[in-house]
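Chain by chain, the residues:
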Amino acid sequence: MKMINPSRWQLLWFGRICRIPYQKVLENKIVSICLILLGIVLLLAILAPMIAPYDPNAIDLKNSLHPPSTAYPLGTDHLGRDVLSRLLYGATTSFVIAISVVGLSLVLGLLLGGAAGYYGGWLDETISRLMDLFLSFPGIIFALAIVGALGSGVLNLIIALSLVNWASYARLMRGQVLSTKNNDYISSARVIGASDRRILCRHILPNSLAPVVVLATMDIGHVILAAAALSFLGLGIPPSIPEWGSMLNAGKEFMRTAPYLTIFPGIAITFTVILFSLLGDGFRDILDPNKEETGLAIA
Amino acid sequence: MKNMYVAMLALILANMLFFCPAASIDSEKTLNAASMWDIPDVDPILRGDAWAEKTLVTETLVTSNQDYELLPQLATTWRQLDDKTWEFKLRDDVFFHDNSKLTADDVKFTLERGAELDAAIAGYLQLDRIDVIDSNTIRILTKNPNAMLPASLHSPSLGVISRNSVDKDGKFIKPIGTGPFKFESFDAQTHVLTVSKNDNWWGGDIAIDRIITTPMTDPNARASAIEKGDVDFTVDIPYNEVERIDSIDSLSAKIFDTPYLYRLDLNTGHEPLNNIDIRHALSYAVNRDDIVEYVLFGVGSPSSVPFSSSMPWANNSVRHYDYDIETAKELLADAGWIDTDGDGTLDKEGKPLELSLLTYPTRPGLVPVAEALVGEFKEIGIKADLEVLEWGAITDKRKDGDWDMVLFATNCALIPDPQYYLQRSYGTGGSYNYVSYSNPDVDELLTESMETEDLQTRYNLLKEVQSITQEDSINIIVAHYGIAVAAKDSVKGFEFDPTAHDYKLNPEMDIEE
Amino acid sequence: MLRYLLKRSAFMVVTVLAVCAMTFGLMNIIPGGTAELILKHTFLELEEIPTDEQIAEISSRYNLHDPLYIQFSRWMGNALHGDLGTSYILKRPVTYLILLRLPATMMLALAAMSIAVLIGVPLGVLCALKENKLADYILRIATLIGVSMPGFWLALLLILVFSVTLKLFPVAGYGNISYLVLPAVALSAHTTAITLRMVRTGMLEVMNQPYIVFAMSKGLPTRYIVTKHAMRNALLPVITVLGLHLGHMLGGAVVIETIFAWPGVGSLLVNSIMARDVPVVQGCVLTIVGVFVIINLLVDLLYTYIDPRIKYV
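All values reported here derive from a predicted model rather than from experimental measurement.

1. Section: the overall build of chain C
Part 1 of the reasoning: Counting secondary structure elements, chain C contains 13 helices and zero strands.
Part 2 of the reasoning: For chain C, the succession of helices and strands along the chain, N to C, is α-α-α-α-α-α-α-α-α-α-α-α-α.
Part 3 of the reasoning: Looking at chain C as a whole, 48% of its 313 residues are labelled buried.
Part 4 of the reasoning: Excluding contacts between residues fewer than 6 apart, the proportion of contacts in chain C whose partners are at least 24 apart in sequence is 72%.

This is the structure we're talking about:
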């Protein structure tokens, strides 16, 4: 049996990526606009250290609670820190958290869901029960318990939210595997003697990309919201690290006297989540035109 | 389709049936108060301050005034018979809410029950046994000489209740106390406590007919409630709202000083905090005036000593390590800390001066003050890493020694006697003594004070303790906690009692329409 | 069908118990030993430190030193008899505490659900009928915002506008129906938005079906077509989502209950987690997950009623 040349495999993947209907993406106005806007936001987040006018952690008590002015375009918070700088650095933190969580739960979910669907039997039963377990736990509470157990901090937050999230990806992947594994071309591949891993990676996974992408995109927005909710309950990240959710939470004490402290992070969160939702919707229109049940857990 | 809508309408109607409308208030004078902490149950031992202070259902043997003096309440006089025996004489004219007379037996019941159910009370009292001499005289024998005993009886958990409050199996029925108000109802779901006027109160007439206390643990909710008029009286609204609420026509918000402290503990077991000059430098670096003004919005008072000058036992001549940046920098430089690499943080032998700072979010002022401290320490080149954890997590870290600085709140006059705070914070093995500080001079003075009866002698002994410990600076006081009391202008006669746990109503209060 | 129900019930029980086991494990990793935290709550001072004797006494009173699996099996044994233990902090039976607060949470969830349905469904139909007109766009933008806003921000804004400024509703608490309005609206925002969009999407799909077009060409009035034919089919996915959301609402109302001081199971759970009141946490989790799992089952059964093509084995 000839060993497949790795570079051919890479070429095959590349081919899959090329097959993504870029034309359709660009044609869809909403998706294009969203991508551009998100690109801008991401750029701002990455360039934060360079464009932020002040150190986001510079405490200046005498300048506290200044409304927006020329010196401080978005005002200062209760410790005199510049809101604009914190918002920019906060973008970085929020994105890092969201992307880590989605990435982690994606990998975990695909692995477990794929294995469950493909191998079936007791592995499937166990993993399915696990999935049901994690899906039946209302997310916030689970994250609360985990962060309460492990303590607050960026890493623990990421772990908690990933553990909450992975099940939706697993369920999705399992569904995809189940529906495609009995296809003819898979059987042919098996007849030729292709290894399980190859079948999964070369054939099944690329075809499942579409709904996974949709889910992941919308998920990023949900994770940002979940992190904000955890900050509200007091289990977010240390106050010195700027993050939109904790800025919103800290500002709620001042809603009457300094409303801008909540308005700006609130708008930032809402706007970003909207972009991801629209993007996810758009992707679904393009990649999944049959509007298959993608198993989105929308909560 | 119509069926579906009918079903939904039925759903809504079902919702409405769950509700009972709120009881309407007639022409009685009712005070609606919002309290800070939850009221868990009708047993006064579970949250004694709700009964002895917020609703005045129970009364303690001993009370206190704004000058922290111990005054008789249900007890008339007390004296020490020998170093382990205290004798208390009780009032003769007090009746419980069920019209039974207050006797020494009820006091014995209350104290013993308190010591049995509440571990802290047991620790304060250190009961050996209680002897009833006659119906108005009671003798309390303690295991060790306890000069703090009378002051311990000020604790609201020891509000005297009648033996009839429990049934023959010891199960609690309802609180029968002696105070100006008697227990009316407690809503198990919302924890709203309603009490009504006691016409037979020994202390005289009362103007208010009813007090309804609603626990609201969120300060913003309390502020909104008072602003909207849902409540007449509340405390501890967000600091930045105090001025705004005060400026509203029908409301007033006043700030009072409390014996709570913002205390920064320093782990003397770690380098370089074992160096007394570094500890002094940290104290010199804190701009307490700015913190109180900008971070606490004036709700609090700057202080570098635990006892405020209004307390009769305060040693007003101790050295204050107040804001002095130059001295701070000098002390650090003299100890060999120099910023060799220009990164803003001092270092010595290659190690940067980095300290962990822990605090917890349960009290609203702690986190902002801690954040401000990070900024202040940065000015003198010390990098403080702030971590906000739950109190339980902080306790764990303390046990493991995994901390450099902890900012927390503590009540230095929980029992209106300086021995309480000084023993715990500086006595060997004291429960607030986290760094195993052990100074034989201090211990000797503390023991002597516990065995002395005369108050003035004790105060002098403890003043010396204060001066020694202030010098040693194992902790730094940043400020005294302030509390804002917000009330409608129609609420009259409120006098703030600093020894209360948050707030204590007084019987002279009235509501004028 | 019966076999299905039995199998399903068995799985449900196992799931719920497994969740409880997981919770129990989590609660015991939490830093700040249980004994210390229990004692802490009996003290008036938050920061008072318990002595070693006090800790030993509490540990023996609640058997905190036994190995975890023994503690858990003991709990499970009692739970199967309906005894969920006694709260360390509040000193009352857990079952009593939960039953006291369950109606409040259910009320809130039902109210929010009703709002979602009563507003989401008709508006969704409206959007579908007036596709791509102004009303459609406005509502779609509104739902987008509603879904993307942080929940507690929306709640705080609602309080600010409707309670403090306009003085229409009380700020927080529990009493007559006016106390329910703001929390229910805040809780329902997410679900209403999603319901609206799903109804709209479903309706649009259905409206393009041949039999609908045929009915329209026959000259039947639109309203008749919509109610008699279209909605039935469009509503199927909506019901799934609603079922899912009702379950999440029971737990996810945590944030709303905290802001509005609504005495429900969610806020009890949060406070108990913070206080390490393990029996109460266990009990709350059991309740919430149990209800959620039961609701899922009911939704699945409802499916068979609505769509006779679906059958379970």
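After that view of the structure, there is still more to cover.
2. Focus: the overall build of chain B
Part 1 of the reasoning: Per the secondary structure count, chain B includes 15 helices and 21 strands.
Part 2 of the reasoning: The C-alpha atoms of chain B give a radius of gyration of 26 Å, which matches the 24 Å a tight globule of 513 residues would have.
Part 3 of the reasoning: Scored against the burial criterion, the 513 residues of chain B give a buried share of 50%.
Part 4 of the reasoning: For chain B, the share of sequence-separated contacts (at least 6 apart) that also reach a separation of at least 24 residues comes to 66%.

3. A few points about the sheet that holds strand S4 (residues 75-82) of chain B
All names here are of chain B.
Part 1 of the reasoning: In spatial order, the strands read S4-S5-S7-S6; together these four strands make up an open sheet with antiparallel pairing. Strand pairing shows two members of the sheet lacking a second neighbour, S4 and strand S6 (127-134), which therefore form its edges. The sheet shows a mean angle of 20° between the axes of neighbouring strands, taken without regard to direction.
Part 2 of the reasoning: With five bridges joining them, strand S5 (residues 85-90) and strand S7 (residues 137-142) adopt antiparallel strand pairing. From the neighbouring strand, glutamate 87 faces S7, where its bridge partner is arginine 139.

4. What to know about the nonpolar core
Part 1 of the reasoning: One finds Ala143 of chain A together with Leu108 of chain C to be the most contacted residues of the largest nonpolar core, which totals 321 residues.
Part 2 of the reasoning: Counting residues per element, this core draws most heavily on helix H5 (residues 94-129) of chain C, at 18 residues.
Part 3 of the reasoning: A domain split of this core shows at least three residues from each of domain 1 (2-94) and domain 2 (105-306) of chain C.
Part 4 of the reasoning: Apart from residues no more than four positions distant in its own chain, alanine 143 of chain A is found in contact with Ala160, Leu161, Val164, Ala226 and Leu230 of chain A.

5. Digging into helix H11 (residues 366-379) of chain B
All names here are of chain B.
Part 1 of the reasoning: For H11, with 14 residues, the first-to-last C-alpha span of 20 Å sits near the 20 Å given by 1.5 Å per residue.
Part 2 of the reasoning: Of all 14 residues in H11, eleven are buried, a share of seventy percent or more.
Part 3 of the reasoning: Burial in H11 covers these residues: Val367, Pro368, Val369, Ala370, Glu371, Ala372, Leu373, Val374, Gly375, Glu376 and Phe377.
Part 4 of the reasoning: Count one or two residues on from H11 and you reach glycine 381, which has phi positive near 90°.

6. Brief notes about the domain arrangement of chain C
All names here are of chain C.
Part 1 of the reasoning: Domains assigned within chain C are domain 1 (2-94) and domain 2 (105-306).
Part 2 of the reasoning: Facing 23 residues of domain 1, the contacting portion of domain 2 comprises 15 residues.
Part 3 of the reasoning: At the level of secondary structure, the elements contributing two or more residues to the side of domain 1 that touches domain 2 comprise helix H1 (2-29), helix H2 (34-42) and helix H4 (68-80).
Part 4 of the reasoning: The class makeup of the residues in the side of domain 1 that touches domain 2 is 14 nonpolar, eight polar and one charged.

7. Here we look at the confidence of the model for chain B
All names here are of chain B.
Part 1 of the reasoning: For chain B, per-residue confidence averages 87 on the pLDDT scale, and 95% of positions sit at 70 or higher.
Part 2 of the reasoning: By mean pLDDT, helix H1 (residues 2-18) is the weakest element of chain B at 53, and strand S11 (residues 233-235) is the strongest at 94.
Part 3 of the reasoning: Counted against residues more than four places away or in other chains, residues 15-24, with its pLDDT under 50, gives twelve contacts.

8. Topic: the pairing of S7 of chain B
Residue and element names in this part refer to chain B.
Part 1 of the reasoning: Note that S6 and S7 share six bridges and pair antiparallel. Bridge pairing in S7 places arginine 129 opposite leucine 141.
Part 2 of the reasoning: Counted along the chain from S6 to the antiparallel partner S7, the turn is two residues long.

9. Points about H5 of chain C
Every α-helix carries 3.6 residues per turn, so stepping three or four residues along brings you back to the same face.
Part 1 of the reasoning: Taking 1.5 Å per residue as the helical rise, H5 of chain C with its 36 residues ought to reach 52 Å, and the 51 Å between its terminal C-alpha atoms agrees with that figure.
Part 2 of the reasoning: Along its length, H5 of chain C reaches its greatest deviation from straightness, about 30°, at arginine 101 of chain C, and the proline proline 103 of chain C lies no more than four positions downstream.

10. Concerning the pairing of strand S9 (residues 193-197) of chain B
Residue and element names in this part refer to chain B.
Part 1 of the reasoning: Across five bridges, the pairing between strand S8 (residues 181-186) and S9 is antiparallel. Counted as the bridge partner of phenylalanine 183 is valine 195 from S9.
Part 2 of the reasoning: Strand direction decides the pairing type here: S9 and strand S10 (residues 210-215), joined by four bridges, are antiparallel. Note that in S10 the partner of serine 196 across the bridge is arginine 210.

11. Details of the confidence of the model for chain C
Part 1 of the reasoning: Overall, the predicted model of chain C reaches an average pLDDT of 79, with 89% of residues at or above 70.
Part 2 of the reasoning: The ipTM value of the predicted complex is 0.76, and its pTM value is 0.80.

12. Looking at the packing of H5 of chain C against helix H8 (residues 178-207) of chain C
Residues and elements named next belong to chain C.
Part 1 of the reasoning: Axis separation between H5 and H8 bottoms out at 6 Å; the angle between their running directions is 35°. Crossing of H5 over H8 shows right-handed handedness.
Part 2 of the reasoning: For the contact of H5 with H8, the residue count by class is 23 nonpolar, six polar and one charged.

What counts, and at which threshold
Residues numbered from 1 in each chain as written. Chains lettered and ligands numbered in written order. Predicted model: local features only at pLDDT ≥ 70, side-chain atom pairs only at ≥ 80, totals over all residues. Helix = DSSP H or I, 4+ residues; strand = E, 2+ residues; numbered from the N terminus. Buried ≥ 20, exposed ≤ 12 C-beta atoms within 10 Å, placed from the backbone. Contact = placed C-beta atoms within 7 Å. Rg over C-alpha atoms; globule rule 2.2 N^0.38 Å. Pairing = 2+ DSSP bridges. Axes fitted to C-alpha atoms, helices over the stretch in contact; angles between N-to-C directions. Core = buried A, V, L, I, M, F, W, Y, C linked by C-beta atoms within 7 Å. Domains from an automatic or database assignment. Expected span 1.5 Å × (residues − 1). Nonpolar A, V, L, I, M, F, W, Y, C, P; charged D, E, K, R; others polar. pLDDT = per-residue confidence, 0-100. Bend = angle between axes of the 7 residues up to and from the residue. Left-handed = near helix turned anticlockwise from the far one by under 90°.

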